Amino acid sequence: MNLDPRQTEAFRFVIKTGSFEQAAARLHLTPPAISQRVRALESALGSALVVRSRPCRATATGQRLLQYLKRARLLESDLMAELAERSDAPLMVVAALNADTPGSVAISSAAAPAPVFTRGKA
């Protein structure tokens, strides 16, 4: 099963703000749209996620889902940072070196600032 990011975002904001109305305002949606997304998520997971009180709070299952979503965001952030730091793979861009001869350009990292130009078929 895949979690719908729009549904999980609605759920997170309901818990973060404490209400469906405030979550709707933050996400630029209507309260019924937020409610529908949270209900669809609850239906998909087969369990209530929100205690609908003032302020709204997460059920035990909702707390577990929040923990999972936080870990998933942290893992994604770590991966993006790691990939951004990699300097071992030059970026290859296909470019025209003159009017009718295709070639490639290797744009290196800051460690080797000079770009490499080659002629030939890409």
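Throughout what follows, the structure given in this document is the object of discussion. (Residues numbered from 1 in each chain as written. Predicted model: local features only at pLDDT ≥ 70, side-chain atom pairs only at ≥ 80, totals over all residues. Heavy atoms only, no water.)

Focus on the overall build of the chain
Then, number 1: Across its full length, the chain holds 4 helices and 5 strands.
Then, number 2: Ordering the α and β elements of the chain from the N terminus gives α-α-α-β-β-α-β-β-β.
Then, number 3: Counting every position in the chain, which comprises 122 residues, the buried fraction comes to 27%.
Then, number 4: In the chain, of all internal contacts separated by at least 6 residues, the share reaching a separation of at least 24 is 35%.
Then, number 5: Accessible surface for the chain amounts to roughly 8,600 Å². Of this, 57% is attributable to carbon and sulfur atoms. (Helix = DSSP H or I, 4+ residues; strand = E, 2+ residues; numbered from the N terminus. Buried < 20%, exposed > 50% of the residue type's maximum accessible area, 1.4 Å probe, protein only. Contact = heavy atoms within 4.5 Å. Areas by Shrake-Rupley, 256 points an atom, 1.4 Å probe, with all protein chains shown as cover.)

Considering the environment of A40
Then, number 1: Topologically, A40 is positioned in helix α3 (residues 31-45).
Then, number 2: Between the C-alpha atoms of A40 and Q7, which are 33 residues apart in sequence, the distance is 7.3 Å.

Side note on helix α4 (residues 60-85)
Note on helix geometry: an α-helix contains 3.6 residues per turn, so any two residues three or four positions apart are oriented the same way.
Then, number 1: Between its first and last C-alpha atoms α4 spans 38 Å; for 26 residues at 1.5 Å apiece the expected length is 38 Å, and the two agree.
Then, number 2: All of the buried residues along α4 are G62, L65, L66 and L69.
Then, number 3: Along its buried surface, α4 packs onto α1 (5-17), α3 and β2 (57-58). (Expected span 1.5 Å × (residues − 1).)

Points about unusual backbone geometry
Then, number 1: Backbone torsion omega between R54 and P55 reads -5 degrees, so that peptide bond is classified as cis.
Then, number 2: Along the polypeptide, P55 turns up in the loop between β1 (50-51) and β2.
Then, number 3: Positive phi values are uncommon outside glycine, yet H28 reaches one of about 60 degrees.
Then, number 4: With respect to the helices and strands, the residue H28 is situated in the loop between α2 (20-27) and α3.

A few points about the pattern of salt bridges
Two side chains with opposite charge may pair up if their charged atoms get near one another.
Then, number 1: Inspection of every chain in the model, using the stated rule, returns 2 salt bridges.
Then, number 2: The closest approach of N and O atoms between E42 and R52, which form a salt bridge, is 3.0 Å. Note that E42 is positioned in helix α3 and R52 in the loop between β1 and β2, a separation of 10 residues in sequence. (Salt bridge = Lys/Arg side-chain N within 4 Å of Asp/Glu carboxyl O.)

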